[in-house]
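Fold and geometry: a report
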Amino acid sequence: MISEKILIIGASGQIGSELALRLRELHGNDNVIASDIKEGSEDLMSSGPFEIMDATDESGIAGLVEKHSITDVYLMAAMLSATAEKMPMKAWSLNMDSLFIILNLAKDKKIKKVFWPSSIAVFGPSTPKHDTPQTTIMEPTTVYGISKQTGERWCEYFFNKFGVDVRSIRFPGIISYKTLPGGGTTDYAIEIFHEALRTGKYTSFLSEETALPMMFMEDAIKATVDIMNEPAENVKVRSSYNLSAMSFTPKELAGAIKKEIPEFEINYKPDFRQAIADSWPSSIDDSAARTDWNWKHEYDLKNLTHVMLKGLKESLSLENK
Ligand SMILES: NC(=O)c1ccc[n+]([C@@H]2O[C@H](COP(=O)([O-])OP(=O)(O)OC[C@H]3O[C@@H](n4cnc5c(N)ncnc54)[C@H](O)[C@@H]3O)[C@@H](O)[C@H]2O)c1
């Protein structure tokens, strides 16, 4: 068996921190190097090697790859949708420069396999909104979406032209309780749980009928691990796979929370993020992922709500000790 030596870039973030812990369980702590521009959670920092590194530092990243004999890179560093609208050029540089550094390392055979997450933000207002197909009109109107769509084109190009083994998923909004979200438009669906437990009420920055595709972190991590473990010939889409678990509106999420906390109250005060959400699909057709590499989600709205409240309650009671 060829053993993998993994580098995660952006490992202190919402997805990276949980992905790093899972990959350490699977491959051994010392075989998973976490890196970021900032330190991460206690669990991340204490469970294995960590390097402070800027994802846009080409020679620094190449040095890390050589120093640790890296075979696989998971590039999780990016500027997310809401923050990117405030700093368009910075978002473009981070999201694109970091990707080119990794694709070129793979092209030069310094690494073997790359995971790079895309997003439902690649779609735009002209895309069919319901059950959005794998292949369809893509005219993203956000800086973040433009960077992800461009990234997908380059991934496919590097695969076709240079045989780079890059694998990608269009993540929906990822919901988790261990690490706070990083400035996306679906962050409301995490904040709402924190506020339900802390104050019993929440003001949503999206309107009550805004349906968006969402997924619990466990499922997102499973999808990432699964697509990276799949034999290369089964990964037929080399831009990025649609991936779906559930879709809900703020009103439906509030309803699910009310079933567990009856006194919970929600209000709506849409801000600039409403326009971003309105440009995205409300549900996704992920049959290609289900067919090509047997993708299956586990969490729906009901069990998502239950595990989020349970997990957050436990971490809040630990904080108060
Ligand atoms: N969370 C979601 O709902 C979601 C949905 C779709 C796609 N994605 C994608 O998944 C990936 C991870 O998302 P996330 O939610 O964990 O984001 P996040 O913002 O929580 O984490 C990103 C991490 O990257 C780090 N970072 C930022 N600039 C860096 C730099 N110059 N060098 C090194 N590290 C840097 C940050 O410190 C942070 O720890 C991103 O590509 C994102 O676009 C996320």
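Residues numbered from 1 in each chain as written. Predicted model: local features only at pLDDT ≥ 70, side-chain atom pairs only at ≥ 80, totals over all residues. Heavy atoms only, no water.

What about the pattern of salt bridges?
Our working rule: Here a salt bridge means any side-chain nitrogen of Lys or Arg lying within 4 Å of a carboxyl oxygen belonging to Asp or Glu. To qualify as a helix, a DSSP run of H or I must reach at least 4 residues; to qualify as a strand, a run of E must reach at least 2; elements of each kind are numbered from the N terminus. Note on classification: 1.4 Å probe, protein chains only; a residue is buried when its accessible area is under 20% of the maximum for its type, exposed when over 50%, partly exposed between these limits.
Applying the stated rule across the entire model yields 12 salt bridges. Residue Arg-153 pairs with Glu-156 through a salt bridge whose shortest N-O separation is 3.1 Å. Placement of the pair is Arg-153 and Glu-156 together in helix 6 (residues 143-162), with a separation of three residues, close to one helical turn. Taking relative accessible area as the criterion, Glu-156 reaches 24% and is therefore assigned partly exposed. Residue Lys-222 pairs with Asp-226 through a salt bridge whose shortest N-O separation is 3.5 Å. Linking Lys-222 with Asp-226, this pair stays in helix 8 (residues 217-229), spanning four residues, or about one helical turn. The partly exposed category is assigned to Lys-222, whose relative accessible area is 30%. Bridged by salt links that share partners, the residues Arg-22, Glu-25 and Glu-218 form one connected network.

Notes on the packing of helix 1 (residues 14-27) against helix 8
Basically, it comes down to this: In this analysis, axes come from line fits to C-alpha atoms, helices being fitted only over the stretch in contact, and the angle between any two N-to-C directions falls in the range 0 to 180 degrees. Roughly parallel means an angle under 35 degrees; roughly antiparallel, over 145; roughly perpendicular, 65 to 115; everything else is oblique. In this scheme, a crossing is called left-handed if the near helix is turned counterclockwise away from the far one by less than a right angle; it is called right-handed if the turn is clockwise. By the convention used here, residues are in contact when the closest approach between their heavy atoms is within 4.5 Å.
Where helix 1 meets helix 8, the axes come as close as 10 Å, and the angle between the chain directions of the two elements is 55 degrees. Here helix 1 lies oblique to helix 8, going by the angle between them. Once helix 1 is placed against helix 8, the crossing between them reads as right-handed. Every residue of helix 8 that contacts helix 1 at Gln-14, Ile-15, Glu-18, Leu-19, Arg-22, Leu-23 and Leu-26 is listed here: Met-217, Glu-218, Ile-221, Thr-224 and Val-225.

Let's talk about the site of the ligand
Quick reminder of the rule: One heavy atom within 4 Å of a molecule or strand makes the whole residue count as near it. Within 3.5 Å is the distance limit for a polar contact, defined as a pair of N or O atoms, with the added protein rule that one can donate a hydrogen and the other accept it, and that residues adjacent in sequence qualify only through two side-chain atoms. Classification used: nonpolar for Ala, Val, Leu, Ile, Met, Phe, Trp, Tyr, Cys and Pro, charged for Asp, Glu, Lys and Arg, polar for all others including Gly.
As a structural note, the neighbourhood of the ligand is formed by 27 residues, with Gln-14, Ile-15, Asp-36, Ala-55 and Tyr-144 the closest of them. Between Gln-14 and the ligand, the recorded distance is 2.8 Å, taken from a backbone N or O atom to an oxygen atom. Tyr-144 places a side-chain nitrogen or oxygen 2.6 Å from an oxygen atom of the ligand. Secondary-structure elements contributing two or more residues to the shell around the ligand are helix 1, strand 6 (118-119), helix 6 and strand 9 (173-175). A breakdown of the residues in the shell around the ligand according to their chemical character gives 14 nonpolar, nine polar and four charged.

Structural notes on the pairing of strand 1 (residues 6-9)
The criterion, for reference: The rule for pairing is simple: two strands pair if DSSP sees at least two bridges between them. Clockwise travel from the first strand over the helix to the second, with the strands pointing away from the viewer, marks a crossover as right-handed.
Side chains of strand 1 alternate between two faces, with Ile-6 and Ile-8 and Leu-7 and Ile-9 buried alike. Across four bridges, the pairing between strand 1 and strand 2 (residues 32-36) is parallel. Bridge pairing in strand 2 links Ile-9 to Ser-35. Following the backbone out of strand 1, through helix 1 and into the adjacent parallel strand 2, one traces a crossover that is right-handed. Note: strand 1 against strand 4 (residues 72-75), four bridges, orientation parallel. What sits directly across from Leu-7, in strand 4, is Val-73.

Some thoughts on the sheet that holds strand 13 (residues 246-248)
Sheets are built from strands paired through backbone hydrogen bonds, the pairs being either parallel or antiparallel. With respect to topology, three strands assemble into an open sheet ordered 9-11-13, the strand pairing being mixed. Looking at the sheet topology across the chains shown, the edges are occupied by strand 9 and strand 13. Strand-to-strand twist of the sheet, defined as the mean angle between neighbouring strand axes without regard to direction, takes the value 45 degrees. Across three bridges, strand 9 lies against strand 11 (residues 212-216) in parallel orientation. Among the inter-strand pairings, Ile-174 is bridged to a residue of strand 11, identified as Met-215. Against the sheet, helix 7 (residues 188-198) touches strand 9, strand 11 and strand 13, its axis set at about 25 degrees to strand 9. Running over the sheet, helix 12 (residues 301-319) touches strand 9, strand 11 and strand 13 and is turned about 80 degrees from strand 13.

Side note on the side chain of Ser-17
Tracing the backbone shows Ser-17 in helix 1. Note on Ser-17: relative accessible area 3%, which makes it buried. With residues near it in sequence (within four places) discarded, Ser-17 still touches Ala-11, Ser-12, Leu-44 and Thr-179.

A short note on the domain arrangement of the protein
Inclusion rule: How far each domain reaches was decided by an automatic or database domain assignment. By definition, the buried area sums, over both parts, the 1.4 Å-probe accessible area that each loses when the two are put together.
As assigned here, the protein comprises domain 1 (6-173 + 217-242) and domain 2 (174-214 + 245-284 + 300-319). The distance between the C-alpha centroids of domain 1 and domain 2 comes to 25 Å. Interface area for domain 1 against domain 2, summed over the two sides, is near 2300 Å², with a carbon-plus-sulfur share of 59%. Across the contact surface, domain 1 and domain 2 share zero salt bridges. Among the secondary structure elements, those contributing two or more residues to the side of domain 1 that touches domain 2 are helix 1, helix 4 (81-86) and helix 8. The element that contributes the greatest number of residues to the side of domain 1 that touches domain 2 is helix 4, accounting for five residues.

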